[in-house]
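# Structural features, examined
What follows is each chain in one-letter form.
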Amino acid sequence: MSERKTGTREELARIWEEGGDEKRVCAEITEFKVGTWNCAGIKSKWADVVAYASEVDVLCLQETLVGPADLPTPPKGWNWWKQSAKSFLGGRGVAILYREGLPISLLRSRADAEVLGFKAYGRVYITGYNRPNSDITLREIKKWLQKFKREKTVLLGDWNCRDKDWDKRAPRGHRGGKILKKLCLEEGLGVLNDEGYTCHRFNGKSNIDLVLVGVDEMQDLKWRALVGGASDHCPIVLSIQVEKRPEIEQMGVYWRYSGADWGAVVKCTDDLCTTWIKKGRKHKSYETAVQELNEGLMEILIKQVPKGLRRMDKSLQMKKPEWWRRSIDVRREEMKLVWRRREK
């Protein structure tokens, strides 16, 4: 992930030692990049896939032409998110290649449609392949949008839908175009890449590899088409500025905990967890609930660890701080179960 930090590592260390401007350290502005490409056969285009993946954080692929068990071994530091074997029957193949270590949760369709998705940085990303003269995938997309209607959603993939609003060469009365246009009007979505053409064939051009976002976000998101590749489709890259709250270990800053007021830390943590559990379903989503808990715990640390003890100490590379209790893990799992049942 390409990052634009608010300061160098030395500046961050100095800020922590001086105990000032915690917000500046806790919040980094990063650029999260998601790509989509109809590769028209992943085995013959594997070199291109690896090259395009190096420019993004997540790469969504359509028409891999292989089943989930036959996908190539991912490059080091990358993983596959695969469709089910059932959804590939009679299909063309979709997959998501993503970097390891990203704060994302993966989603997969239970239906036969070729649809995959993931959550990252407060947004739901949905990708898929809609076969020509079919609306199976579009119907499944509509279900996903209704399920995540309270969250910001991004659609990106090869939808095989043509309309004059985003494809100047589109024929009149295109069935898929009508369905997608109606879906956009119902869900408040707009086509971000409504200029140019993404598919180039000997019999003409078309714009069918689309990125759809909320109409209120269209001015904030950027996209660009990559050149080259051996497919008749152009890769599309979506760039999103997100606020990242890194863990202490990710920053290379490890606090000396010996001087902390552990009695106050335990009491504040118990109070925080009790309030968090009572709020329950009042949270907007599972992600916001977890984010609220994490921010509360960070705030407790900032208040209870003396400023003079916030120093660089690489010898204290612990996965969880000393004040963490098993009861917190149990309560977090309880909240996960509540939200999973609610989503069903």
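Preceding block: the structure.
First, a word on what this report is: a plain description of the structure on this page.

Turning to the pattern of salt bridges, a few remarks are in order. Oppositely charged side chains can form a pair if their charged atoms are brought close together. The final tally for this structure, using the stated rule, is 16 salt bridges. The salt bridge involving Asp-232 is made with Arg-201; its shortest N-O contact spans 3.0 Å. With Asp-232 in the loop between strand E14 (222-225) and strand E15 (236-244) and Arg-201 in strand E11 (residues 199-201), the pair connects residues that are 31 residues apart, well separated along the chain. Sharing partners across several salt bridges, the network here consists of Arg-123, Lys-152 and Glu-217.

According to the stated counting rule, one finds six aromatic pairs in the structure shown. Look at Phe-32 and Tyr-125: their rings are 5.8 Å apart centre to centre, the planes differ by 70 degrees, and that puts the pair in the edge-to-face class. Taken together, the residues Phe-32 in strand E2 (residues 28-38) and Tyr-125 in strand E8 (residues 123-128) connect sequence positions 93 residues apart. The class for Phe-32 is buried, based on a relative accessible area of 0%. Take Tyr-125: its relative accessible area is 0%, and that puts it in the buried class. Relative to Tyr-125, the ring of Phe-118 has its centre 4.8 Å away and its plane inclined at 10 degrees; by these criteria the two rings are stacked. For the pair Phe-118 and Tyr-125, one class covers both residues: buried. A connected cluster of aromatic rings, assembled from ring pairs, spans Phe-32, Phe-118, Tyr-121 and Tyr-125.

Next up on the list: the side chain of Thr-36. Position of Thr-36 relative to the elements: it lies in strand E2. Polar contacts involving the side chain of Thr-36 include one to the side chain of Gln-62, which spans 3.0 Å. Excluding residues that lie within four positions of it along the chain, Thr-36 makes contacts with Leu-59, Cys-60, Gln-62, Leu-156, Gly-157, Cys-234, Pro-235 and Ile-236.

The next subject is the packing of helix H5 (residues 136-147) against helix H6 (residues 175-187). Put simply, H5 and H6 touch, their axes get as near as 11 Å, and they point 5 degrees apart. On the basis of their axis angle, the class for H5 and H6 is roughly parallel. Of the residues in H6, those touching H5 at Leu-138, Ile-141, Lys-142, Leu-145 and Gln-146 are Gly-176, Ile-179, Leu-180, Leu-183, Glu-186 and Glu-187. Broken down by class, the residue content of the contact of H5 with H6 amounts to six nonpolar, two polar and three charged.

Before going further, it helps to examine helix H3 (residues 46-53). By the burial criterion, the buried members of H3 are Val-49, Tyr-52 and Ala-53. Projected down its long axis, H3 shows its buried positions confined to an angular sector of 100 degrees, all on one face.

Where helix H8 (residues 262-279) meets helix H9 (residues 286-304), the closest approach of the two axes is 10 Å, and the angle between their N-to-C directions is 160 degrees. Judged by the angle between their axes, H8 and H9 are roughly antiparallel. Classified by chirality, the crossing of H9 by H8 is right-handed. Counted together, Ala-264, Val-265, Cys-268, Thr-269, Leu-272, Cys-273, Trp-276 and Lys-279 of H8 and Ala-289, Val-290, Glu-292, Leu-293, Gly-296, Leu-297, Ile-300 and Gln-304 of H9 form the full contact between these two elements. Residues belonging to the contact of H8 with H9 are distributed by class as follows: 11 nonpolar, three polar and two charged.

Attention now moves to H9. The end-to-end C-alpha distance of H9, which contains 19 residues, comes to 27 Å, matching closely the 27 Å that a straight helix rising 1.5 Å per residue would cover. Those residues of H9 that sit buried are Ala-289, Val-290, Leu-293, Gly-296, Leu-297, Met-298, Ile-300, Leu-301, Ile-302 and Gln-304.

Procedures and definitions
Residues numbered from 1 in each chain as written. Predicted model: local features only at pLDDT ≥ 70, side-chain atom pairs only at ≥ 80, totals over all residues. Heavy atoms only, no water. Salt bridge = Lys/Arg side-chain N within 4 Å of Asp/Glu carboxyl O. Helix = DSSP H or I, 4+ residues; strand = E, 2+ residues; numbered from the N terminus. Phe/Tyr/Trp six-rings, centres within 6.5 Å; stacked < 30°, edge-to-face > 60°. Buried < 20%, exposed > 50% of the residue type's maximum accessible area, 1.4 Å probe, protein only. Polar contact = N/O pair within 3.5 Å; in protein donor to acceptor, adjacent residues only side chain to side chain. Contact = heavy atoms within 4.5 Å. Axes fitted to C-alpha atoms, helices over the stretch in contact; angles between N-to-C directions. Parallel < 35°, antiparallel > 145°, perpendicular 65-115°, else oblique. Nonpolar A, V, L, I, M, F, W, Y, C, P; charged D, E, K, R; others polar. Arc of directions from axis to C-beta. Left-handed = near helix turned anticlockwise from the far one by under 90°. Expected span 1.5 Å × (residues − 1).

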